[in-house]
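Fold and contact review
Chain by chain, the residues run as shown.
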Amino acid sequence: PIINLDSGMFLQREIGSSGEYIQTLEPRFYYLYVPYRDQSQIPIFDTIQPQFSFLQLFTTNRFDGADRQGDANQLSYALTSRLLDSESGSQILEADIGQIRYFRNRDVQLPGVATETNLFSDVVGDLNLNINDYWSAIYTQQWNPTTRQTDLGAIGLQYHPAHHQVINLGYSYNRSLDLKQTDISFAWPLSSHWSMVG
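Everything in this summary refers to the structure shown in the same document. Note that the structure is predicted; figures quoted are calculated from it, not measured. Per-chain numbering applies: the sequence of each chain, read as written, is numbered from 1 onward. Whole-chain, interface and lining totals are the exception, using all residues; otherwise, since this is a predicted model, local features are given only for residues with pLDDT of at least 70 and side-chain atom pairs are given and counted only at 80 or more. With hydrogens and water set aside, each side-chain value is computed from the structure's full complement of heavy atoms.

**Observations concerning the side chain of glutamine 109**
Examined against the element boundaries, glutamine 109 turns out to sit in the loop between strand E5 (91-102) and strand E6 (123-130). Judged by its relative accessible area of 8%, glutamine 109 falls in the buried class. Here a polar contact is recorded for every N or O atom pair within 3.5 Å, except that within protein the pair must consist of a potential hydrogen donor and a potential acceptor, and residues adjacent in sequence are included only if both atoms are side-chain atoms. Reaching out from glutamine 109, the side chain makes a polar contact with the backbone oxygen of arginine 106 at a distance of 2.9 Å. Those residues in contact with glutamine 109 that sit more than four places away from it in its chain are Gln49, Arg62, Phe63, Arg68, Ala114, Thr115 and Glu116. The numbering of helices and of strands both runs from the N terminus, where a helix is a DSSP run of H or I of at least 4 residues and a strand a run of E of at least 2. Type-normalised accessible area, obtained with a 1.4 Å probe on protein chains alone, sets the label of each residue: buried when under 20%, exposed when over 50%, and partly exposed for intermediate values. Contact between two residues is taken to exist if any of their heavy atoms lie within 4.5 Å; hydrogens are not considered.

**Regarding the pairing of strand E10 (residues 179-189)**
A pair of strands counts as paired when DSSP detects no fewer than two bridges linking them. Pairing analysis gives nine bridges linking strand E9 (residues 165-174) to E10, with the strands arranged antiparallel. Paired with asparagine 174 across the strands is leucine 179, a residue of E10. In textbook terms, the turn of a hairpin is the stretch between consecutive antiparallel strands, and for E9 and E10 this stretch comprises four residues, one of which, aspartate 178, has a positive phi near 50°. Across three bridges, the pairing between E10 and strand E11 (residues 195-197) is antiparallel. Residue pairing across strands places proline 189 opposite serine 195, the latter belonging to E11. Hairpin connection, E10 to E11: the antiparallel pair is bridged by five residues.

**As for the nonpolar core**
Generally speaking, a soluble globular protein has its nonpolar side chains buried in company with each other. Judged by nonpolar contacts, Tyr30, Leu32, Val34, Phe52, Phe54, Leu57, Phe58, Ala72, Ala78, Ile100, Tyr102 and Val124 together constitute the single largest core of twelve residues. Contributing elements (two or more residues each) for this core: strand E3 (21-34), strand E4 (72-85) and E5. Sorting elements by how many residues they give to this core places E3 first, with three residues. The set of buried Ala, Val, Leu, Ile, Met, Phe, Trp, Tyr and Cys residues whose side-chain atoms join them within 4.5 Å is what this entry labels a nonpolar core.

**Details of unusual backbone geometry**
Although it is not a glycine, arginine 148 adopts a positive phi angle of roughly 55°. The residue arginine 148 is located in the loop between strand E7 (135-144) and strand E8 (149-162) in this model. For arginine 148, a relative accessible area of 63% puts it in the exposed group. Of note, histidine 164 is a non-glycine position whose phi angle comes to about 70°, a positive value. Position of histidine 164 among the secondary structure elements: in the loop between E8 and E9. With relative accessibility at 56%, the residue histidine 164 sits in the exposed group.

**Looking at the pairing of E4**
Sheet analysis places E3 next to E4, joined by 14 bridges and oriented antiparallel. Within the sheet, the bridge partner assigned to tyrosine 21 lies in E4 and is aspartate 85. Bridge count for E4 against E5 is eleven bridges, and the pairing is antiparallel. Residue pairing for E5: arginine 82 is matched across the bridge by glutamate 94. Where E4 folds back onto E5 in an antiparallel hairpin, the turn is made up of five residues, including glycine 89, whose phi is positive at roughly 80°.

**A short note on the layout of surface pockets**
In this approach a probe as big as a water molecule rolls over the atoms, and the regions it shows empty are the leftover space. Here a cavity denotes a set of grid points, spaced 1 Å apart and computed over the protein atoms alone, in which a 1.4 Å probe fits but from which it cannot get out, and a pocket denotes an open set meeting protein on both sides within 12 Å along at least five of seven lines; residues with an atom within 4 Å of a point are reported as lining. Grid points are joined across faces, edges and corners, and a volume is the space filled by probe spheres set on the points. In this structure, the largest pocket occupies an estimated 700 Å³ of space. Taken together, 31 residues make up the lining of the largest pocket; nearest its centre are Gln49, Pro50, Phe52, Glu116 and Gln142. Broken down by secondary-structure element, the contributors of at least two residues to the lining of the largest pocket are E4, E5, E7 and E8. The classification used treats Ala, Val, Leu, Ile, Met, Phe, Trp, Tyr, Cys and Pro as nonpolar, Asp, Glu, Lys and Arg as charged, and all other residues, Gly among them, as polar. Partitioning the lining of the largest pocket into residue classes produces ten nonpolar, 15 polar and six charged.

**Thoughts on the packing of aromatic side chains**
Only Phe, Tyr and Trp rings are paired, with Trp represented by its six-membered ring, and only when their centres lie within 6.5 Å; those with planes under 30 degrees apart are stacked, over 60 edge-to-face, the remainder tilted. Inspection of every chain in the model, using the stated rule, returns three aromatic pairs. Between tyrosine 30 and phenylalanine 58, the ring centres sit 5.9 Å apart and the planes meet at 85°, which makes this aromatic pair edge-to-face. Here the residue tyrosine 30 occupies a position in strand E3, and phenylalanine 58 occupies one in the loop between E3 and E4, the gap between them amounting to 28 residues. Judged by relative accessible area, which is 2%, tyrosine 30 ranks as buried. Between the aromatic rings of tryptophan 135 and tyrosine 159, the centroid separation amounts to 4.7 Å while the plane-to-plane angle is 35°, which identifies the pairing as tilted. Taken as a pair, tryptophan 135 in strand E7 and tyrosine 159 in strand E8 lie far apart in primary sequence, 24 residues in all. Judged by its relative accessible area of 24%, tyrosine 159 is partly exposed. Members of the aromatic cluster, connected to one another through ring pairs, are Tyr30, Phe54 and Phe58. Arginine 28 extends its terminal NZ or CZ atom over the ring of phenylalanine 58, reaching a point 3.8 Å from the ring centre. A ring is considered to have a charge above it if a Lys NZ or an Arg CZ atom is located within 6 Å of its centre and within 35 degrees of its normal.

Note that all results are geometric; they support no functional claim without further evidence.
Now the structure itself:
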């Protein structure tokens, strides 16, 4: 059995000298209970444990794939705030932050991975900014409250002037892998029949 309770509120107010923007405040609480079942005799075919992110605060399984169902007794709490254009309804800014409070150990794991015993997850958050119709930026951070260090961070910039025209620039940092990585990608039409992607 899987039991999950999802609750939240949606608050909004007009800001600006003539109410040209709408700001929202969206607290959310998500409780998940999944009892422990021994799954050690089930082979792993395609199941992985994805990188922890804001979206994983609200999933019923911490694994991707059908070979493992994670046990859980936990409460996720998060806060989202958006800045919207009151005339068009388009989103200008979105900020998210959240964490999980665990009430028991996570015994179901992939082979070779120890039981997780921490009481709190990392604090995860992201910031999405639509600068104008062509430019947007994103920032993501995963902060460890035990070590008081950033475990994962990423920043990205996108230029998207028209359909099928996009250029992405990104930088990411992963403490556990000791990885610092820069990404550049693009897709651009050369003519009505040819385009380049890289």
